[in-house]
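# Descriptive analysis of the structure
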Amino acid sequence: MKLGLPDGITACLFDLDGVLTSTAVLHRRAWRRTFDDYLLPRGLPPFTEADYLNHVDGRPRYDGVRAFLASRGITVPEGTPGDPPELDTVHGIGNRKNALIDTIIREEGVTPYPGTVRYLEAARELFKIGVVTSSANATRVLDAARLLPYVQAQVDGLVIVRDGLRGKPAPDSFLAGARLLGVEPARAAVFEDALSGVAAGRAGGFGYVVGVDRAGQAEALRGNGADVVVEDLAELL
Ligand SMILES: O=P(O)(O)OC[C@H]1O[C@@H](O)[C@H](O)[C@@H](O)[C@@H]1O
C-alpha cells in the first residue's frame, strides 16, 4: 500500500467539487435556489439535501435537471443549450443554476481542502494525476484553487459534451481520463464524493474506488461502489 492505495495502482483520478475543492456546497446551494424557485410557487415540496445527493450530485448539469425532475414526476420541455435562464425547460433551468453558481464563485471564491493539497503533494511523486469532473466550470475552479499545476489530464463537462460521453454514473468520463493518462482502469484509483461518481468508478472496473464522505453518507458511498470511505484525504497519508 502506498498513500492508502493497493500495490499496482499507478494513477489517481480525482473528482473536483467536494474532493479537491469545497465547491460541492456552493453547487448544492445554487441548485436548491434554482429548484425552489420552480417548485415553491407551484405549491410543491422544496428541494432537499437528499434530492441533491441522490439525483443531482456528480452528474452533468442538464442530466441533474432531468434526473431530479423525473424523481418528482415533473416533465418540462428539453429546450436547447442556448435557452435563456428564465425559460422553464431542462436547458433554461440548468442555465439559471449556472448563472447563480457563477455569481457565488465570484463572490465567495474557491478553497481547496488542506488535506487534499497535502495528499496531492505526496501523490504527484508516485502517481499520474488526472481530474475527472462533470462540471463545465472546472478550469476556472482549479485555477482559482491554484491546483492546475497538479493536473496532467482533465476530463470535464466541456469535454463530456464535445466528445459525446455519457455522464456519471456511466463510467465514460473516468475511462477517458485513464486513456489520457495512458493507464488501464485496473491500474487507476478513483476518488469521489458523489454517489453517481463512486458508481461510475465501479462500473468502469477501476482498481480502487475511494469514497470521500463530506455529507454523512458513508454507507451509501460503500453501497454504490466505494472500496474504502474517508472523510478527508489526509487519512490516507
Ligand atoms: O454546472 P456545472 O458547473 O457544469 O457542474 C455540473 C455538476 O458538476 C458536479 O461536479 C457537481 O457535483 C454538480 O453539483 C454539478 O451540477
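Up top is the structure.
Now for a description of the structure that goes with this document. Note that the structure is predicted; figures quoted are calculated from it, not measured.

What follows covers the site of the ligand. Looking at the ligand, there are 14 residues lining it, with Tyr-52, Arg-61, Ser-135, Ala-136 and Asn-137 nearest. Between the ligand and Trp-31, the relevant distance is 2.9 Å, taken from an oxygen atom to a side-chain nitrogen or oxygen of the residue. The contact in question runs from an oxygen atom of the ligand to an N or O atom on the side chain of Arg-61, over 2.8 Å. Here the ligand has 390 Å² of accessible area as a free molecule, and 99% of this is covered by the chains. For the shell around the ligand, the residue count by class is three nonpolar, six polar and five charged.

In terms of residue burial, strand S5 (residues 208-212) counts as a mostly covered element, since five of its five residues are buried. Because side chains alternate across S5, one face comprises the buried residues Tyr-208, Val-210 and Val-212, and the other comprises Val-209 and Gly-211, equally buried. Here four bridges tie strand S4 (residues 188-192) to S5, and the two strands are oriented parallel to one another. Pairing of Val-190 across the sheet is with Val-209, part of S5. The handedness of the S4 to S5 crossover, carried by helix H9 (residues 195-203), is right-handed.

Time to look at the pattern of salt bridges. Counted by the stated rule, this structure contains 16 salt bridges. Note that Glu-108 is salt-bridged to Arg-29, the shortest N-O span being 2.9 Å. Residue Glu-108 is found in helix H4 (residues 90-108), and its partner Arg-29 is found in helix H1 (residues 24-39); the two are separated by 79 residues along the sequence. Its relative accessible area of 26% is what places Arg-29 among the partly exposed residues. Between Glu-121 and Arg-124 there is a salt bridge, with the nearest N and O atoms lying 3.1 Å from each other. The class for Glu-121 is partly exposed, based on a relative accessible area of 36%. With a relative accessible area of 37%, Arg-124 lands in the partly exposed category.

What follows is about the packing of H1 against helix H3 (residues 61-71). Interhelical geometry of H1 versus H3 gives an angle of 45° and a closest axis separation of 13 Å. Judged by the angle between their axes, H1 and H3 are oblique. Crossing geometry of H1 relative to H3 is assigned as right-handed. Taken together, the residues of H3 that come into contact with H1 (itself represented by Trp-31, Phe-35 and Leu-39) are Arg-61, Gly-64, Val-65, Phe-68 and Leu-69.

Strand-to-strand pairing in sheets goes through backbone hydrogen bonds, with the strands running parallel or antiparallel. As summarised here, the arrangement of the six strands in space is S3-S2-S1-S4-S5-S6, forming an open sheet in which the pairing is parallel. Because the sheet does not close on itself, it has two edges, and the strands there are strand S3 (153-155) and strand S6 (228-230). Taking the axes of each pair of neighbouring strands and ignoring which way they run, one obtains an average angle of 20° across the sheet. The pairing of strand S1 (residues 11-14) with strand S2 (residues 128-132) spans four bridges and is parallel. When the sheet's bridge partners are listed, Ala-11 is paired in S2 with Lys-128. Contacts between H9 and the sheet are confined to S4 and S5, with S5 contributing the most and set at about 175° to the helix.

Criteria and cut-off values
- Residues numbered from 1 in each chain as written.
- Predicted model: local features only at pLDDT ≥ 70, side-chain atom pairs only at ≥ 80, totals over all residues.
- Heavy atoms only, no water.
- Near = heavy atom within 4 Å.
- Polar contact = N/O pair within 3.5 Å; in protein donor to acceptor, adjacent residues only side chain to side chain.
- Areas by Shrake-Rupley, 256 points an atom, 1.4 Å probe, with all protein chains shown as cover.
- Nonpolar A, V, L, I, M, F, W, Y, C, P; charged D, E, K, R; others polar.
- Buried < 20%, exposed > 50% of the residue type's maximum accessible area, 1.4 Å probe, protein only.
- Helix = DSSP H or I, 4+ residues; strand = E, 2+ residues; numbered from the N terminus.
- Pairing = 2+ DSSP bridges.
- Right-handed = clockwise from strand over helix to strand, strands pointing away.
- Salt bridge = Lys/Arg side-chain N within 4 Å of Asp/Glu carboxyl O.
- Axes fitted to C-alpha atoms, helices over the stretch in contact; angles between N-to-C directions.
- Parallel < 35°, antiparallel > 145°, perpendicular 65-115°, else oblique.
- Left-handed = near helix turned anticlockwise from the far one by under 90°.
- Contact = heavy atoms within 4.5 Å.

Nothing here speaks to function; it is all geometry.
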